[in-house]
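Overview (structure and organization)
Residues per chain, in single letters:
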Amino acid sequence: MMQKIHILATLMVVALLASVISSGGCAGEEALPASPPAPTPRTPTPASPAPAPAPPAPAPVSPATPGPPEEPFNPAKPHFFVLSDATDAIPEGAQVVLEHHLTPQEMEKGARMAHLAGVRYGIFVSLHDIEWLEREEFESLLQDAVAIGFDGNPIIGWAGAFYDTNHPLWQQFLVDKMKEAVDAGAEVICTDDHEGNAWFSNRGDYGEVGVFGGYSMQGFRDYLASKYSMDELADFGIDDLETFDYAAYLKEKGYAKEDIHEQILRKLFYHEFNPIDVPLFEDFQAYQNQSMVNFQKRLIAEIKEYGRRTQGREIIFTAYPWDLFLPENYSLFSHYDLFSPELHYAWRDGFPPKGRAAQWYKLGFAAAGVPGAFKTTDSPADVLPMAEYNTQNLLKIRFAEAYANRGGIIDKPTMMAFDESFMKDREFDTDPETLKGYAEFLKAYDDVFNTENLESLAEVGVVFSLPSLFYDKWAHINSWEGICQLLAHLHVQYDVIYMGDGIHDEDVIEAEDLSKYPVVILPHVLALTERQEKVLLDYVNGGGIAVVYGNLGEVNEHQQKVDRPSLNAVLNGEVNSYGEGKLYYYPSEELGYEYYSYTAYSPIIEKFGEAPDLRVSETRASEIRKEFQKLLSELIAERQIQGTVPQNVFVQSYLSDYRLYVHLINYDYELTTDTISPAENLSLRVRCPSGFAVGNVKLISPDLEQEVELKFSVADGYIDFEVPRLLFWDIVIVEP
């Protein structure tokens with residue numbers, strides 16, 4: 001309660017400061033325009049939000065009050081998150097419960113209930129709107145911080161007003177809200193809507209094209225002043241930067257909001273490179289993106305320091321980005337402890353038996369270095385078929401593929417199709433018993449999943465390129481995803497190699513990072529930095545094998561066409577020798593995109609949501625697999641996984657200190673009946689690392705009541721064993 005009083009008091013102080021400024025109380029500065037009127041020029045922006053009064057000392061914790069688990073939260077260990085109401089019931093097996101739309105009293109009760117159950121407690125905090133239950137209390141105090149759109153009016157969403165994430169009043173509210181959560185006992189804070197103002201300029205949501213309030217405009221003027229000279233600004237038609245208003249500028253030049261909005265959507269969703277042909281708009285996007293990154297860096301640092309100082313514990317931050325196909329999301333990963341993106345299973349991957357999501361967990365781990373806790377999307381293409389066919393067994397497959405691929409999940413006990421045309425009476429409820437045993441299995445064998453100890457045994461690396469995502473995202477993503485699905489169907493062990501762009505995320509790739517893999521595949525990597533070009537050539541020169549589908553590096557990280565004499569000198573034909581290695585070049589082949597279309601398409605997807613335009617037959621898919629298998633047989637002398645394993649079984653292997661782990665996931669699943677067909681008598685040959693002595697082989701599974709010893713033999717560097725029956729998920733453990 002004291003923290004709630006502190007929030008109210010702080011907001012009144014910050015609001016009073018804004019009022020003083022607007023009344024001319026600060027010499028030499030003009031007034032800060034109140035929302036919702038359009039901003040006046042020369043609005044001052046303080047260097048940082050107004051300082052809050054010192055918070056009252058936290059009340060001593062009663063010995064009877066339960067605290068969080070004693071063991072520090074380790075982001076390297078995948079956790080089972082549940083997005084639920086802790087004040088109602090904690091789902092059995094949960095390790096972290098996340099709540100949202102809370103009052104302070106509910107947070108305190110939720111934390112107490114979670115800690116009594118031995119579960120960590122966390123909250124969702126939206127970075128650009130007020131949770132429903134607090135609107136009546138805070139809306140009047142925050143009215144000056146409402147986000148102002150292109151037309152000078154407040155931006156209103158389906159649940160109320162959005163707020164300007166550059167406004168110090170709103171920033172202070174978020175700081176105090178998170179401190180309130182820490183005081184209540186939260187260990188984990190998940191930032192929802194982390195794009196803030198950039199949500200509108202990047203994605204065009206609610207038909208808006210950006211936030212144009214006073215503080216955002218002053219920040220944009222500062223951005224332009226740091227990037228352009230006065231002569232360059234004059235070329236844009238800006239004579240006086242101090243009075244420059246971007247919305248008014250665009251209107252004077254004849255740009256309507258609807259035209260800009262259409263261009264945003266074209267850049268976001270259309271194929272090929274679609275730059276926004278509006279003066280300075282991509283600068284405006286860059287400014288809003290960077291201002292959100294800067295604010296979140298300060299926010300995270302302040303809340304972490306507050307948690308250490310007042311509670312003696314480390315606060316864990318995770319972000320909840322909409323999807324990993326949005327390139328701007330990657331600028332945040334290095335600032336958060338972990339991340340929790342939505343995963344559009346149906347839209348991106350299709351349903352089993354063909355569609356799988358392993359590549360997204362691998363990408364998340366490669367980009368962030370820790371397991372991501374992915375949340376199942378609320379898109380109609382996912383939720384509606386799950387609701388219609390009550391797909392409880394599908395959840396077991398989703399759980400297994402997350403944790404077998406150094407990832408994790410946020411389970412939402414009730415998933416509702418987040419689309420007004422579908423929301424009514426169309427939701428999917430998780431049976432509490434469905435994942436209980438799986439979550440208990442995760443806790444019982446947590447050493448098996450600790451990514452600090454897991455070493456990949458991948459023989460192929462597949463490049464995911466952030467520069468290409470900014471240039472022609474769908475050419476790259478669809479090809480990348482198809483190659484990953486193809487490798488999984490052929491039981492080829494692979495990793496995702498993440499390449500940043502040096503602008504939004506670090507470009508730190510080295511030849512040594514590639515040299516771990518005998519083969520590196522570059523699917524439609526249309527953009528390369530100079531560093532990445534050199535690293536690739538060094539890798540091949542040192543004996544590596546690179547396989548390129550589509551054009552390679554036609555632009556740089558700024559989406560500018562570049563000449564690459566060193567690279568082009570190598571690309572003379574399909575098979576090119578360079579130094580000790582080779583580069584295979586197939587510029588016109590759409591093999592990855594074809595296979596992506598095969599795995600993502602199904603009649604179910606077509607019935608309930610969007611599906612790929614291309615329809616690939618079983619015959620063509622079989623031809624692709626044979627063609628790709630033939631190439632891999634030439635390039636990889638000894639495969640990691642051999643034996644008679646059906647295509648519907650996924651295999652993932654790791655080395656951990658003195659143990660070898662082999663995950664097996666059964667994808668022989670029928671959606672309309674929610675049934676799995678067990679795989680019988682799987683004969684596997686797994687290559688042992690050099691010097692690895694085999695003494696024992698056992699099988700563990702959430703589908704079995706106890707561990708099972710397996711007979712085995714060792715010959716020619718391989719271990720042979722048979723798995724009698726695979727239901728959903730087995731893990732074979734090979735020990736000395």
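Residues numbered from 1 in each chain as written. Predicted model: local features only at pLDDT ≥ 70, side-chain atom pairs only at ≥ 80, totals over all residues. Heavy atoms only, no water.

Considerations on helix α13 (residues 380-389)
Cut-off, in case you're wondering: Each residue is assigned to one of three classes by its accessible area relative to the maximum for its type, calculated with a 1.4 Å probe on protein chains only: buried under 20%, partly exposed between the two thresholds, exposed over 50%. Secondary structure elements are defined from DSSP: runs of H or I of at least 4 residues count as helices, runs of E of at least 2 residues count as strands, and each element is numbered from the N terminus.
Within α13, eight of the ten residues are buried, which leaves it mostly tucked inside the rest of the structure. Within α13, the full set of buried residues consists of Pro380, Ala381, Asp382, Val383, Leu384, Pro385, Met386 and Tyr389.

Observations regarding the confidence of the model for the protein
Stated formally: pLDDT is a residue-level measure of predictor confidence that goes from 0 to 100. Any two residues whose heavy atoms approach within 4.5 Å at even a single point are treated as in contact.
Averaged over the protein, the pLDDT score is 86; the fraction of residues at 70 or greater is 88%. Of the regions scoring below 50 in pLDDT, residues 1-5 engages in 13 contacts with residues more than four places distant in sequence or in other chains. Confidence drops under pLDDT 50 across residues 16-64; counting only partners more than four residues distant or on other chains, this segment forms 74 contacts.

Some words on the sheet that holds strand β30 (residues 718-726)
Quick reminder of the rule: In this analysis, strands are considered paired if DSSP registers two or more bridges between them. Throughout, an axis means a line fitted to C-alpha atoms (over the contacting stretch in the case of helices), and angles, computed between N-to-C directions, take values from 0 to 180 degrees.
Taken in spatial order, the four strands line up as β21-β26-β30-β29 in an open sheet, and their pairing is antiparallel. In this open sheet, the two edge strands, each paired with only one partner strand, are β21 (641-644) and β29 (712-715). Looking at each pair of strands side by side, their axes are set apart by 25° on average, direction ignored.

Considering the nonpolar core
Rules: Side-chain atoms within 4.5 Å link the members of a nonpolar core, which is a set of buried Ala, Val, Leu, Ile, Met, Phe, Trp, Tyr and Cys residues.
In terms of nonpolar packing, the biggest core is built from 139 residues, with Tyr330, Leu487, Phe628 and Trp729 touching the most fellow members. If you tally residues by element for this core, the top one is helix α17 (residues 466-489), at eleven residues. If you look at the next biggest cluster of nonpolar residues, it comprises 25 residues, including Val463, Met499, Leu528 and Ala546.

Thoughts on the side chain of glutamine 532
The residue glutamine 532 is located in helix α19 (residues 530-541) in this model. Overall, glutamine 532 belongs to the buried group, its relative accessible area being 0%. With residues near it in sequence (within four places) discarded, glutamine 532 still touches Pro467, Met499, Gly500, Asp507, Ile509 and Ala527.

Regarding unusual backbone geometry
Here the residue pair proline 352 and proline 353 is connected by a cis peptide bond, since its omega of 15° sits within 30 degrees of zero. As for its position among the elements, proline 353 is in the loop between α11 (345-349) and α12 (358-368). Here arginine 406, not a glycine, exhibits a phi torsion of approximately 55°, which is positive. Position of arginine 406 relative to the elements: it lies in the loop between α14 (392-403) and β11 (408-411). Despite not being glycine, aspartate 716 shows a phi value in the positive range, around 55°.

Remarks on the environment of tryptophan 158
If you trace the backbone, tryptophan 158 turns up in the loop between β4 (156-157) and β5 (160-161). Counting along the chain gives 48 residues from tryptophan 158 to tyrosine 206, while the straight-line C-alpha distance between them is 9.0 Å.

Brief notes about the pairing of strand β31 (residues 729-735)
Consecutive side chains along a regular strand alternate between the two faces of the sheet. Extensive coverage of β31 is indicated by the burial of seven of its seven residues. Burial of the side chains of β31 extends over both faces: Trp729, Ile731, Ile733 and Glu735 are buried on one face and Asp730, Val732 and Val734 on the other. Of the pairings in the sheet, the one linking strand β27 (residues 696-700) to β31 comprises five bridges and is antiparallel in character. Each bridged residue has a counterpart across the sheet, and for lysine 698 the counterpart in β31 is isoleucine 733.

Some details on the packing of α17 against helix α23 (residues 618-635)
What counts, and what does not: Put simply, angles under 35 degrees are roughly parallel, angles over 145 are roughly antiparallel, angles from 65 to 115 are roughly perpendicular, and the rest are oblique. Any residue that is not Ala, Val, Leu, Ile, Met, Phe, Trp, Tyr, Cys, Pro, Asp, Glu, Lys or Arg is counted as polar, Gly included; the first ten are nonpolar and the last four charged.
Between α17 and α23, whose axes approach to 11 Å, the crossing angle comes to 80°. The angle between the axes of α17 and α23 places the two elements in the roughly perpendicular class. Of α23, the residues touching α17 (which contributes Ile483, Leu486, Leu487 and His489) are Ile624, Arg625, Phe628 and Leu632. Taken together, the residues of the contact of α17 with α23 sort by class into six nonpolar, one polar and one charged.

Focus: helix α6 (residues 214-227)
To keep it simple, the criterion reads: The length a helix should cover is 1.5 Å for every residue beyond the first.
Between its first and last C-alpha atoms α6 spans 20 Å; for 14 residues at 1.5 Å apiece the expected length is 20 Å, and the two agree. Along α6, the residues classified as buried are Gly214, Tyr215, Ser216, Met217, Gln218, Gly219, Phe220, Arg221 and Leu224. Those residues of α6 hidden inside the fold are in contact with α4 (168-184), α7 (230-235), α8 (246-252) and α10 (281-311).

Some thoughts on empty space enclosed by the protein
Put simply, the rule reads: For each structure, a 1 Å grid was placed over the protein atoms alone; sets of points admitting a 1.4 Å probe that cannot get out are labelled cavities, open sets with protein on both sides within 12 Å along at least five of seven lines are labelled pockets, and lining residues have an atom within 4 Å of a point. Grid points are joined across faces, edges and corners, and a volume is the space filled by probe spheres set on the points.
For the coordinates displayed, the defined rule picks out nine cavities of 30 Å³ or more. Taken as a whole, the largest cavity encloses approximately 190 Å³ of empty space. Lining the largest cavity are 18 residues, and of these Lys267, Leu268, Pro327, Glu328 and Lys473 sit closest to its centre. The class makeup of the residues in the lining of the largest cavity is nine nonpolar, three polar and six charged.

Description of the pattern of salt bridges
When their charged atoms lie close together, side chains carrying opposite charge are able to pair. Inclusion rule: Salt bridges, as used here, are contacts in which a Lys or Arg side-chain nitrogen is within 4 Å of a carboxyl oxygen on Asp or Glu.
This structure, assessed with the given rule, holds 28 salt bridges. Here aspartate 495 ties to arginine 406 by a salt bridge, and the two come within 3.9 Å at their closest N and O atoms. Of this pair, aspartate 495 sits in strand β16 (residues 494-499) while arginine 406 is found in the loop between α14 and β11, placing the two residues 89 residues apart along the sequence. What makes arginine 406 buried here is its relative accessible area of 12%.

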